[in-house]
Amino acid sequence: MKVLVIGGGAREHALCRSLSLDPDVTSLHCAPGNAGIAQVATLHSVDALDGPAVAALAAGLEADLVVVGPEAPLVAGVADAVRGRGIAVFGPSAEAARLEGSKAFAKEVMAAAGVPTARSYVCTTDEEIDRALDAFGPPYVVKDDGLAAGKGVVVTPDLEAARAHARGCEQVVIEEYLDGPEVSLFAVTDGECVVPLRPAQDFKRAHDGDEGPNTGGMGAYSPLPWADPKLADEVLATVLQPTVDEMRRRGTPFSGLLYAGLAITSRGVRVVEFNARFGDPETQVVLARLKTPLSGLLYAAATGALAEFPPLRWSDDAAVTVVVASEGYPASPRTGDVIEGLEEVAEKDAPAAYVLHAGTRLDEEGRVVSAGGRVLSVTATGAGLAEAREHAYRAVSRIRLAGSHHRGDIAVAAAAEEAAAEGEAATAGEA
């Protein structure tokens, strides 16, 4: 199979890495890619938002499968353009991608499908904003209705900060605050059949202890030792399948990756948001644990054959990803700094740990330099979360990037909970 991946972040590097290890993939291409993806795929310079250009590239390569990574090309209709050329594509149509492109639309679909979510108001005027904020009270949850690269949500006890963010949006969704931990659950779907992957948890705040501003995600881990083992089955029945069924009923079937951001509240599971693509950095840990070859799974979804696809196989290992961000991220990230230590990680830490590139490029001298806010995703596996953390942070310690920062507490609480559960099991066994 010849595969073309669209995008250039750590999510796309994770996808390309898994596809490069897939024996069924004979030729792997990525557009536009980054300095890390260049090591496993042939790069092509194309505007990822230009549907006709992407479709022409796919046709010229005689690609068997196109995988669209980021949300913006999906909302722009890139998958439609590729399908129009008769090429299998993993990614929803522009109409279906509105589940991510408009939070108000997603709320409408959830209401029609009976999917549990937070109560909310869609606001376009200052008066509507003030009424909604007053109705829910603090902490205020304010979401830009459109795409905002993971930074369109403000959760704050500060009324003025909430009001300022809301008034800066053309249309805004204001909703009740959901208590409890958040979980990311991906599902692959062909528009009818839905296959959930393993759940993960990411860390949105910039600094340890969930302090600082919201980011696109500073790390992730899987599995979740504290979660109900039946969580994926429950979410499939109450959230994922009803949503896919409702989208098909509307005449806009959703085919691709449906990402449910969930809150495990005191009243049960509630949907925080939907995304129309693999999440970043959760993709890095989920794919690190997936043993089923990726190309066959994505191709089955793209061609409507998911019901016949064999059950997924998973590693028992845990996975942890730590994001290394540039100085000033997320407000004003500095770029152009040389990144050192990548070869050292490859020599000393592989295969337990490896580096996925997010915002990188090669400079005129062939050096890898920073080219974005989230620069690298250091991903590691281990027999448990503690071991995966140890491998990940050892690799992070070898990387040198001026002014960079990362969180030091990714999966620390979950690893402690996992250890406690193992200790209790051992004690019970001895008894």
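Above this text is the structure in question.
Rules used in this analysis
- Residue positions within a chain follow its written sequence, with the count starting from 1.
- Per-residue local features of the predicted model are confined to residues with pLDDT of at least 70, and side-chain atom pairs are confined, for both listing and counting, to 80 or more; whole-chain, interface and lining totals are unaffected and use all residues.
- Water and hydrogen atoms play no part in the side-chain values, which are based on all heavy atoms of the structure.
- Runs of H or I in DSSP of at least four residues are treated as helices and runs of E of at least two as strands, each being numbered from the N terminus.
- The size measure is the radius of gyration over C-alpha atoms, and the globule rule it meets is 2.2 Å times the number of residues to the 0.38 power.
- Burial classes follow relative accessibility: with a 1.4 Å probe on protein chains only, a residue under 20% of its type's maximum area counts as buried, one over 50% as exposed, and anything between as partly exposed.
- By definition, residues are in contact when any of their heavy atoms lie within 4.5 Å.
- Surface accessibility follows the Shrake-Rupley procedure with a 1.4 Å probe radius. Residue values consider only the protein chains on display as shielding.
- Charge assignment in this entry is limited to Lys and Arg as positive and Asp and Glu as negative, and neither His nor the chain termini are counted.
- Charged side chains are reduced to one point each, which is NZ for Lys, CZ for Arg, CG for Asp and CD for Glu.
- By convention a nonpolar core is built from buried Ala, Val, Leu, Ile, Met, Phe, Trp, Tyr and Cys residues, the set being connected through side-chain atoms within 4.5 Å.
- Every axis corresponds to a line fitted to the C-alpha atoms, with the helix fit spanning only the stretch in contact, and the corresponding angles, defined between N-to-C directions, vary from 0 to 180 degrees.
- Angles are sorted into four bins: roughly parallel if under 35 degrees, roughly antiparallel if over 145, roughly perpendicular if 65 to 115, and oblique for all others.
- Should the near helix be turned anticlockwise from the far one by less than a right angle, the crossing is left-handed, and should it be turned clockwise, the crossing is right-handed.
- Only Asp, Glu, Lys and Arg are considered charged, only Ala, Val, Leu, Ile, Met, Phe, Trp, Tyr, Cys and Pro nonpolar, and every remaining residue, Gly among them, polar.
- In this analysis, strands are considered paired if DSSP registers two or more bridges between them.
- Under the rule applied, a polar contact is a pair of N or O atoms within 3.5 Å (in protein, one hydrogen donor and one hydrogen acceptor; residues adjacent in sequence only if both atoms are side-chain atoms).
- In what follows, a disulfide is any cysteine sulfur pair within 2.5 Å.
- A carboxyl oxygen of Asp or Glu within 4 Å of a side-chain nitrogen of Lys or Arg is what we treat as a salt bridge.
- For a helix, the expected span equals 1.5 Å multiplied by the residue count minus one.

Draft legend 1. Here's a closer look at the overall build of the chain. For the chain, the count of helices and strands is 14 helices and 22 strands. Radius of gyration (C-alpha) of the chain: 21 Å, near the 22 Å computed for a compact globule of 431 residues. Dimensions of the chain, computed from the C-alpha atoms along their principal axes, are close to 60 × 55 × 50 Å. The buried share of the chain, reckoned over its 431 residues, is 55%. Of the contacts formed within the chain by residues at least 6 apart in sequence, a portion of 69% connects residues at least 24 apart. Summing over all exposed atoms, the chain offers an accessible surface of approximately 17,300 Å²; the carbon and sulfur share of this is 49%. Mean positive and mean negative side-chain charge positions of the chain (37 and 61 charges, respectively) differ by 1 Å.

Draft legend 2. Molecular detail of the nonpolar core. If you look at the biggest cluster of nonpolar residues, it comprises 77 residues, and the most contacted ones within it are Leu4, Val66, Leu99, Leu240, Phe274 and Val320. Looking at which element gives the most residues to this core, the answer is helix H9 (residues 231–249), with seven residues. In this view, valine 66 contacts Leu4, Ile6, Ala58, Val82, Ile87, Ala88, Val89 and Phe90; residues no more than four positions away in its chain are not counted. Core analysis: the second largest hydrophobic core is formed by 40 residues, Leu19, Tyr259, Leu290 and Trp314 among them.

Draft legend 3. The arrangement of the packing of helix H1 (residues 10–20) against helix H10 (residues 282–289) in detail. Between H1 and H10, the shortest axis-to-axis distance is 8 Å and the interhelical angle comes to 15 degrees. The angle between H1 and H10 falls in the class roughly parallel. Taken as a pair, H1 and H10 cross one another with a handedness that is left-handed. Residues Ala10, Arg11, Ala14, Leu15 and Ser18 of H1 pack against Thr283, Gln284 and Leu287 of H10. Its residues placed into classes, the contact of H1 with H10 shows four nonpolar, three polar and one charged.

Draft legend 4. Expanded view of the sheet that holds strand E1 (residues 2–7). The five strands are arranged E3-E2-E1-E4-E5 in an open sheet whose pairing can be described as parallel. Only two strands of the sheet have a single partner each, and these edge strands are strand E3 (42–43) and strand E5 (88–90). Sheet strands in contact with helix H11 (residues 294–302) are strand E4 (65–68) and E5, and its direction is about 110 degrees off that of E5.

Draft legend 5. Looking closely at the sheet that holds strand E10 (residues 182–189). Taken in spatial order, the four strands make up an open sheet running E11-E10-E16-E17, and their pairing is antiparallel. The open sheet is flanked by strand E11 (194–196) and strand E17 (268–275), the only strands paired with a single partner. Each neighbouring strand pair of the sheet contributes to a mean axis angle of 35 degrees, computed without reference to strand direction. Of the strand pairs in this sheet, E10 and strand E16 (residues 256–265) are connected by eight bridges, and their pairing is antiparallel.

Draft legend 6. Structural view of the environment of glutamate 282. Relative to the helices and strands, glutamate 282 is located in helix H10. As for glutamate 282 and serine 222, which are separated by 60 residues in sequence, their C-alpha atoms are 8.3 Å apart. In terms of polar contacts, glutamate 282 uses its side chain to reach the side chain of serine 184, at 2.6 Å. Within polar-contact distance, the side chain of glutamate 282 engages the backbone nitrogen of aspartate 280 at 3.4 Å.

Draft legend 7. Inspection of the pairing of strand E9 (residues 172–175) at higher detail. Of the two faces of E9, both are covered, the one formed by Val172 and Ile174 as well as the one formed by Val173 and Glu175. Here strand E6 (residues 120–123) pairs with E9 via four bridges, running antiparallel. Within E9, the position partnered with tyrosine 121 by the bridge is isoleucine 174. Bridge analysis of strand E7 (residues 140–144) against E9 gives four bridges, and the strand direction is antiparallel. Its bridge partner being in E9, valine 141 is matched across the sheet by glutamate 175.

Draft legend 8. Expanded view of H10. Across the eight residues that make up H10, a large majority, seven, are buried. Those residues of H10 lying buried are Glu282, Thr283, Gln284, Val285, Val286, Leu287 and Arg289.

Draft legend 9. Spotlight on the environment of proline 138. Within the secondary structure layout, proline 138 lies in the loop between helix H7 (126–136) and E7. Taking the C-alpha atoms as reference points, proline 138 and proline 52, separated by 86 residues in sequence, lie 46 Å from one another.

Draft legend 10. Broad picture of the state of the cysteines. Per the counting criterion, the structure on display carries zero disulfides. Cysteine 169 supplies the cysteine sulfur nearest to cysteine 123, a cysteine that is in no disulfide, at a spacing of 10 Å.

Draft legend 11. Here's a closer look at the pattern of salt bridges. Considering all chains together, one arrives at 29 salt bridges under this definition. Between arginine 277 and glutamate 71 there is a salt bridge, with its nearest N and O atoms 3.3 Å apart. Residue arginine 277 is found in the loop between E17 and H10, and its partner glutamate 71 is found in helix H3 (residues 71–75); the two are separated by 206 residues along the sequence. Of the two residues, arginine 277 and glutamate 71, both sit in the buried class. Residues joined in a network through salt bridges with shared partners are Glu340, Glu344, Lys348, Asp349, Arg398 and Arg400.

Draft legend 12. Up close: the packing of H7 against helix H8 (residues 159–167). Here H7 crosses H8 at 145 degrees, and the two axes come no closer than 10 Å. H8 is crossed by H7, and the crossing has right-handed handedness. Mapping the contact onto sequence places Asp126, Ile129, Asp130 and Leu133 in H7 and Leu159, Ala162, Arg163, Ala166 and Arg167 in H8. For the contact of H7 with H8, the per-class residue count stands at five nonpolar, no polar and four charged.

Draft legend 13. Quick peek at helix H13 (residues 385–398). Here H13 spans 20 Å end to end across 14 residues, near enough to the 20 Å set by a 1.5 Å rise per residue. Leu385, Ala388, Arg389, His391, Ala392, Tyr393, Ala395, Val396 and Arg398 are the residues of H13 that are buried.

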